[in-house]
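Chain by chain, the residues:
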There are 2 protein chains.
Amino acid sequence: MTRFALTVEYDGRPFMGWQRQDHGPSVQQAIEDAAFAIIGEKAVVHAAGRTDAGVHGLGMRAHLDIARDIGPFRLMEALNARLRPHPVAVLDCVAVADDWHARFSCLARHYEYRIVCRRAPLTWEKGLAWRIPAELDAAAMHAAAQLLVGRHDFTTFRSAHCQSASPVKTLDRLDVTREGDRLLVHASARSFLHHQVRSMVGCLGLVGQGKWRAADLRDALEARDRARLGLNAPPDGLFFVRADYP
Amino acid sequence: MTRFALTVEYDGRPFMGWQRQDHGPSVQQAIEDAAFAIIGEKAVVHAAGRTDAGVHGLGMRAHLDIARDIGPFRLMEALNARLRPHPVAVLDCVAVADDWHARFSCLARHYEYRIVCRRAPLTWEKGLAWRIPAELDAAAMHAAAQLLVGRHDFTTFRSAHCQSASPVKTLDRLDVTREGDRLLVHASARSFLHHQVRSMVGCLGLVGQGKWRAADLRDALEARDRARLGLNAPPDGLFFVRADYP
């Protein structure tokens, strides 16, 4: 039995999310089906994070165990051949130690959220960014975002369906940068609550439009009350960028 | 009668190209149909460039004449509302002088070509970049590209269907830059021949893979012979970025 670590890129638009679902296609199922077609084994694929429906992956990490003798390069090529026409691609595949776990060994997760400020609908980027038909004050958003960095109870920014044992997380980075009519939000932490990035970005969007001040964001955080969330940003603009391991 | 200048963004994937065709959808037709639905007039939309099937627009310029009294902002909003669900959006709309012509007044056209170097298939970028499953030498490509800059007979880099009166054009810029596994080619000129950017990029791709040396590119240019073209790059990676006017 060999454990293989994968780096996976995917377009989240056609999927119900990373995790296997009864009621629709998932990235996990696409990869597991491809592996089954190649090796004839039912392998379970574990990921660093279980992204929501419509959320994308640029460098998701995952692992699976395979009994059959196959090299990592051949496995990657075969998976990519079988994954078509799904918009899922294995960018890298390496054999790892049996105790390497894509989820539990992960030291840090990095997300990027893409916002486009304009009135006109999106074209080639539809489903790949959050369009806000207003000018956003990126400096005000970045300043407010720093109130969320550090160790906090993020109950306000947590989905009602979140399965995490604790709402307390340490947010290492939440940066807002602008380039023309585009804003990028970079978020890094050891781990995130369900919907945490989208919920933080949604509230920063309110700050950027002047509907919230930084103090409103701080009050929402301190309330530890989901009902105080200003806005949950759509999945469209969210990309799982990278996971770090020892 | 008022002449309106439009800035148009579009995803070229579902279209037969910019120009109206009998046998399939075009960007021009999408905009003309939207204008007809709004104002009840058959307006002809003229563009700075007629991009091929599968080529995208980030900032295409175009114009149309409208007899009915309508302001530019209202026209833009109405066009965008009617253009759905086509991946075409009007980013800007201004009233211009009657002798302003999107094609004939244009002083310079700027294209960008996106290349991704990797073995794995593209996912969310499928149709939006040219994937080359090899490492490319961007520095060699950029150096070779400079042989094409200036005033030349570009017959080798011209489609057999090109309608331009002369194959002699002045290429002002052809830059190749790299960021990670991505290469960007920027091309600027007053005007281009049909397929010129794709043909130049295709040959630069050969240079980047070491299949051609810079001297092969120079020989191909000097041959003034379409049969000497190394490769025509696919439309996927090509974006019309901007047009300049007095």
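Predicted model, so just to flag it, every value in this text is computed and none were measured.

A. Inspection of the overall build of chain A at higher detail. Helix and strand counts for chain A come out as 5 helices and 10 strands. The C-alpha atoms of chain A give 19 Å as radius of gyration, which agrees with the globular expectation for 246 residues (18 Å, within 12%). The dimensions of chain A, computed from C-alpha atoms along their principal axes, are 60 × 40 × 30 Å. Within chain A, the fraction of its 246 residues that count as buried is 56%. Counted over contacts in chain A with a minimum sequence separation of 6, partners at least 24 positions apart contribute 71%.

B. Highlighting the relation of the copies chain B and chain A. Once chain B is rotated about the relating axis by 180 degrees and shifted along it by 0.0 Å, it coincides with chain A to within an RMSD of 0.0 Å. Here the symmetry operator amounts to a two-fold rotation axis. A share of 100% of the interface residues of chain B reappears at the interface of chain A, consistent with the copies meeting face to face through the same patch.

C. Spotlight on the interface of chain B and chain A. With 25 residues of chain B in contact, the opposing surface of chain A contributes 25 residues. Seen at the junction of chain B and chain A, the total is 4 salt bridges. For A:Arg118, the salt bridge is made with B:Glu9, and the minimal N-O distance between the two is 2.8 Å. Our count for the contact surface shared by chain B and chain A stands at 6 residue pairs in polar contact (both at pLDDT 80 or more). Going through the elements one at a time, strand E1 (2-10), helix H2 (72-83) and strand E4 (88-96) of chain B are the ones with two or more residues in the side of chain B that touches chain A. At 4 residues, the largest contribution of residues to the side of chain B that touches chain A is made by E4(B).

D. Up close: helix H4 (residues 196-208) of chain A. Residue and element names in this part refer to chain A. With 13 residues, H4 extends 18 Å between its outermost C-alpha atoms, agreeing within 8% with the 18 Å of an ideal straight helix rising 1.5 Å per residue. For H4, the tally of buried residues reaches 13 of 13 residues, placing the bulk of the element in the interior. Just beyond H4, the residue with positive phi is Gly 210, at close to 80 degrees.

E. Up close: the domain arrangement of chain A. All names here are of chain A. As far as domains go, chain A holds domain 1 (2-96) and domain 2 (108-244). One C-alpha centre belongs to domain 1, the other to domain 2; they are set 27 Å apart. Here domain 1 packs against domain 2, burying approximately 1,200 Å² in sum over the two surfaces, 54% of which is carbon and sulfur. In terms of surface lost to domain 2, no three residues of domain 1 exceed Asp 52, His 56 and Leu 58, which account for 41% of the buried area on that side. Taken together, the connections running from domain 1 to domain 2 amount to 1 salt bridge.

F. A look at the UniProt feature "domain: Pseudouridine synthase I TruA alpha/beta" (unreviewed entry) in chain A. Residues given the UniProt feature "domain: Pseudouridine synthase I TruA alpha/beta" (unreviewed entry) here are residues 8-104 and 144-246 of chain A. Along residues 144-246 of chain A, the helical share is 24% and the strand share 30%, with 32 Å between the first and last C-alpha atoms.

G. Broad picture of the packing of helix H1 (residues 27-39) of chain A against helix H2 (residues 72-83) of chain A. Residues and elements named next belong to chain A. Remark: H1 packs on H2, axes separated minimally by 9 Å, with the N-to-C direction vectors making an angle of 115 degrees. On the basis of their axis angle, the class for H1 and H2 is roughly perpendicular. Crossing of H1 against H2: the hand is right-handed. Each of Ala 30, Ile 31, Ala 34, Ala 35, Ala 37 and Ile 38 in H1 lies in contact with H2, whose residues at this interface are Ala 78, Leu 79, Arg 82 and Leu 83. Here the contact of H1 with H2 is built from residues that sort into 9 nonpolar, no polar and 1 charged.

H. Region of interest: the packing of aromatic side chains. If you walk through the whole model with that rule in mind, you get 14 aromatic pairs over all chains. Where A:Tyr10 meets A:Trp18, the ring centres are 5.8 Å apart and the plane angle is 55 degrees; that geometry is what we call tilted. When sorted by exposure, A:Tyr10 lands in the same class as A:Trp18, which is buried. Among the aromatic side chains, those forming a connected cluster through ring pairs are A:Tyr111, A:Phe192 and A:Phe240. Taking NZ or CZ as reference, A:Arg114 lies 5.2 Å from the ring centre of B:Trp124, over its face. Against the face of B:Phe239 rests B:Arg114, its NZ or CZ located 3.9 Å from the ring centre.

What counts as what
Residues numbered from 1 in each chain as written. Chains lettered and ligands numbered in written order. Predicted model: local features only at pLDDT ≥ 70, side-chain atom pairs only at ≥ 80, totals over all residues. Heavy atoms only, no water. Helix = DSSP H or I, 4+ residues; strand = E, 2+ residues; numbered from the N terminus. Rg over C-alpha atoms; globule rule 2.2 N^0.38 Å. Buried < 20%, exposed > 50% of the residue type's maximum accessible area, 1.4 Å probe, protein only. Contact = heavy atoms within 4.5 Å. Least-squares fit on C-alpha atoms with pLDDT ≥ 70 in both. Salt bridge = Lys/Arg side-chain N within 4 Å of Asp/Glu carboxyl O. Polar contact = N/O pair within 3.5 Å; in protein donor to acceptor, adjacent residues only side chain to side chain. Expected span 1.5 Å × (residues − 1). Domains from an automatic or database assignment. Buried area = accessible area lost by both parts, 1.4 Å probe. UniProt positions renumbered as here; feature names shortened; annotations may be inferred. Axes fitted to C-alpha atoms, helices over the stretch in contact; angles between N-to-C directions. Parallel < 35°, antiparallel > 145°, perpendicular 65-115°, else oblique. Left-handed = near helix turned anticlockwise from the far one by under 90°. Nonpolar A, V, L, I, M, F, W, Y, C, P; charged D, E, K, R; others polar. Phe/Tyr/Trp six-rings, centres within 6.5 Å; stacked < 30°, edge-to-face > 60°. Lys NZ or Arg CZ within 6 Å of the ring centre and 35° of its normal.

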